[in-house]
Amino acid sequence: MAVEREIRVPEIGDFEDVEVIEVLVAAGDSVQREDSLVTIESDKASMEIPSPFSGVIGEVAVSVGDRVREGALLARITTSDAEPDAVPIAASRNAVKPEANDRPEANDRPATNDRPPASAEQPARNTAALPSPPPHPAPAAPTAHASPSVRRFARELGANLDLIRGSGRKGRIVKDDVQDFVKRALGQVDTAPHLENLLQVEPARSIDFSEFGEIEIAPLNNIRRIAAKSLHRSWVTIPHVTQFDEADITELEAYRNSQQAEGEKRSVKLTTLTFVMKAVVSTLKEFPQFCASLDETGENLILKRYFHIGIAVDTPNGLVVPVVREVDRKGLFDLAAELAEVSERARNRKLTQADLSGGCFSISSLGGIGGTAFTPIVNGPEVAILGVSRHVLKPIYLDDRFVPRLMLPLSLSYDHRVIDGATAARFTTKLSDVLSDVRNLVL
Ligand code: CAO
């Protein structure tokens, strides 16, 4: 016959009023005697509380963040009546597995923030699938912040906790972090085995910034996480060089201003960026290696005969790069309208995957915000990106005298595997010429 029993916090020594930091079971779970049910943590240590019975959990009486003390109800469990009584609480203390908190007390900390090298978490079986940790000179106490069950889980998978960034409270490593780490490590080995050798970088240090003052942890949203991955990939896999130049857009701006009435009639704002897009396409036609991608072997350049231009859009949630298609076939007003429409959708998180794919070359315009120049990161697998900064009225020496001209700063970052420096300088020179003579764009 089935019997319902209560599971309470056993004797936990000096621990009083401690926080539940993990609940490892849910109603309906079958557990074996000694399976861990919850993890509790004081300011000195964390420990898991095991089940004193085998059976099926009926109700979990605590949640993460609750504070408990000896005798508090943790869960109800349905057991068979053949199940022996729980070991008396005092005697079950051995079954409670205390673990010294990984982060030493402030007074015990070394003077620097360096994490001591860890070897206690060094996996017994270091699988080939996982990136090798840096060499560890000497054994030391565990440093990663994780509960015993997570440590056990990591050990079983051969994952080194010191290489894992925790997403739990105060940087605690939870089971999902270990799973993500292993998935990532497997992905790296599958898709880019060479990266392991190329990127022998020290893992990021885990620093408890709260030691120095008040902090707040703000998890990155999805857009930022995705952008961070592709930006990082481009940054480490593409040898970047940035070529700076400036274009005289005095006449272009005069022409643009002359079109404002027409723009108002069509309810379209003709911005400088629209002209830059047209000028870029006109230049790409002369320099097709900028409108290209390397294939996955890195041995063939795929030259694109279409002109889809990615535009970096600043949104409250982070940077996105929607693609405006067939820029060569569209007039200035149509392009301006499309640019306004797509950036509005980007800001309202309405872009689809199709909006974000198929680009040939990207433009990042910070001109409306400020700055004199910057080094944009190539939007791989493209091979070049144009940064546009704020235009400035400058004295330019022309026909034996200084004259005021409106100059637009251009910053072209490119993949040096595909494009030579001389070619890049020719590209920006051509682009400035096109922008300087507005007839190139309107005719
Ligand atoms: N110099 C001076 N002023 C400029 C300028 C330039 N190069 N480019 C634009 N401006 C002005 C515009 O004329 C407009 O002025 P008014 O409001 O007085 O008419 C103002 O700046 C705002 O322009 P805008 O930003 O609305 O329009 P845009 O076509 O220039 O740009 C977009 C559209 C979507 C690219 C832009 O809004 C944006 O998000 N830019 C940020 C991109 C970004 O974050 N890049 C960094 C990525 S990291 O590589």
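What counts, and where the lines are drawn
- Residues numbered from 1 in each chain as written.
- Predicted model: local features only at pLDDT ≥ 70, side-chain atom pairs only at ≥ 80, totals over all residues.
- Heavy atoms only, no water.
- Phe/Tyr/Trp six-rings, centres within 6.5 Å; stacked < 30°, edge-to-face > 60°.
- Helix = DSSP H or I, 4+ residues; strand = E, 2+ residues; numbered from the N terminus.
- Buried < 20%, exposed > 50% of the residue type's maximum accessible area, 1.4 Å probe, protein only.
- Lys NZ or Arg CZ within 6 Å of the ring centre and 35° of its normal.
- Pairing = 2+ DSSP bridges.
- Near = heavy atom within 4 Å.
- Polar contact = N/O pair within 3.5 Å; in protein donor to acceptor, adjacent residues only side chain to side chain.
- Core = buried A, V, L, I, M, F, W, Y, C linked by side-chain atoms within 4.5 Å.
- Contact = heavy atoms within 4.5 Å.
- Patch = residues over 30% accessible without salt bridge, like charges linked within 9 Å, V, L, I, M, F, W, Y side chains within 5 Å.
- Areas by Shrake-Rupley, 256 points an atom, 1.4 Å probe, with all protein chains shown as cover.
- Salt bridge = Lys/Arg side-chain N within 4 Å of Asp/Glu carboxyl O.
- pLDDT = per-residue confidence, 0-100.
- Expected span 1.5 Å × (residues − 1).
- Lys, Arg positive; Asp, Glu negative; His and termini not counted.

## Describing the packing of aromatic side chains
- Throughout the structure, instances matching the rule amount to six aromatic pairs.
- Geometrically, the ring pair formed by F287 and F427 is edge-to-face, given 5.6 Å between the ring centres and 65° between the ring planes. Here F287 is found in the loop between helix 7 (272-286) and strand 11 (292-294), whereas its partner F427 is found in helix 10 (residues 421-436), with 140 residues between them in sequence. Per residue, the accessibility class of F287 equals that of F427, and both read buried.
- Site record: aromatic cluster; members linked through ring pairs are F287, F290, F361 and F427.
- One Lys or Arg, K175, reaches over the ring of F153 and ends 4.9 Å from the middle of that ring.
- Directly above the ring of F307 sits K285, whose terminal nitrogen or CZ lies 5.6 Å from the centroid.

## What to know about unusual backbone geometry
- Here the bond from G380 into P381 is cis, since omega is 10°, no more than 30 degrees from zero.
- Among the structural elements, P381 can be located in the loop between strand 17 (361-365) and strand 18 (384-388).
- A positive phi angle, close to 55°, is found at S267, a residue other than glycine.
- The backbone of E326 sits at a positive phi, close to 45°, despite the residue not being glycine.
- Assignment of secondary structure puts E326 in the loop between strand 16 (323-324) and helix 8 (332-347).
- Residue classification places E326 among the partly exposed positions, given a relative accessible area of 34%.

## Digging into the sheet that holds strand 3 (residues 30-31)
- Here four strands make up an open sheet; going across it, the order is 1-8-6-3 and the pairing antiparallel. With one partner strand each, in any of the chains shown, strand 1 (2-8) and strand 3 form the two edges of the open sheet.

## What about the site of the ligand?
- Within the structure, the ligand sits among 22 residues, and T271, D314, R347, S364 and H391 are positioned closest to it.
- One nitrogen or oxygen atom from the side chain of T271 is found 2.7 Å from an oxygen atom belonging to the ligand.
- A distance of 2.9 Å is found between a nitrogen atom of the ligand and a side-chain nitrogen or oxygen belonging to S364.
- Residue assignment for the shell around the ligand shows that the elements contributing at least two residues are strand 14 (313-315), helix 8 and strand 17.
- With three residues, helix 8 is the single largest residue contributor to the shell around the ligand.

## Overview of the nonpolar core
- Membership of the largest hydrophobic core comes to 52 residues, with the highest contact counts inside it found for F361, I363 and L435.
- A per-element tally of this core places helix 7 first, with eight residues.
- Excluding residues within four positions of it along the chain, I363 makes contact with L273, V276, M277, V280, I309, G310, I311, A312, I385, L386 and V388.
- Listed in part, the 18 residues of the second largest apolar core include V25, L37, I40 and I77.

## A short note on a nonpolar patch on the surface
- Together, F209, F212, I215 and I217 make up an exposed nonpolar region whose accessible area comes to about 440 Å².
- Its location among the elements puts F212 in the loop between helix 3 (193-198) and helix 4 (222-237).
- The class for F212 is exposed, based on a relative accessible area of 53%.

## Some points on the confidence of the model for the chain
- Mean pLDDT over the chain stands at 83; residues scoring 70 or higher make up 82%.
- Below a pLDDT of 50 lies the segment residues 88-142, which in the model reaches 122 contacts outside its immediate sequence neighbourhood of four places, other chains included.
- When the criterion is pLDDT under 50, residues 189-193 qualifies, and its contacts beyond four places in sequence or with other chains add up to five contacts.

## A word on helix 8
- Its 16 residues place the ends of helix 8 22 Å apart at the C-alpha level, agreeing with the 22 Å of an ideal helix rising 1.5 Å per residue.
- Among all positions in helix 8, only L332, F333, L335, A336, L339, V342, S343 and A346 are buried.
- Trailing helix 8 by a residue or two, R349 shows a phi angle of about 55°, which is positive.

## Remarks on the side chain of E382
- Tracing the backbone shows E382 in the loop between strand 17 and strand 18.
- One buried charged residue, E382, remains without a salt bridge, the closest side chain of opposite sign being K304 at 5.9 Å.
- Those residues in contact with E382 that lie beyond four places of it in its chain are I238, A292, S293, G359, C360, F361 and S362.

## Things to note about the pairing of strand 8 (residues 73-80)
- Here strand 1 runs beside strand 8; their pairing, made up of seven bridges, is antiparallel. Residue pairing across strands places E4 opposite T78, the latter belonging to strand 8.
- Where strand 6 (residues 55-60) lies against strand 8, four bridges are found, and the strand directions are antiparallel. Looking at strand 8, one finds that V56 is bridged to T78.

## Re the environment of G65
- You can see G65 is positioned in the loop between strand 6 and strand 7 (67-68).
- Residue G65 is classed as partly exposed on the basis of its relative accessible area, which comes to 37%.
- Separated by 45 residues in the primary sequence, G65 and V20 have C-alpha atoms spaced 5.4 Å apart.
- Among all residues touching G65, those that are not within four sequence positions of it are E19 and V20.

## Brief notes about the environment of L408
- Position of L408 relative to the elements: it lies in strand 20 (residues 401-415).
- Accessibility expressed as a relative area gives 2% for L408, which makes it buried.
- Along the backbone, L408 and L435 are 27 residues apart, and their C-alpha atoms lie at a distance of 9.2 Å.
- Once residues lying within four places of it in the same chain are set aside, the contact partners of L408 are D245, E246, A247, I249, V276, V388, S389, H391 and L435.

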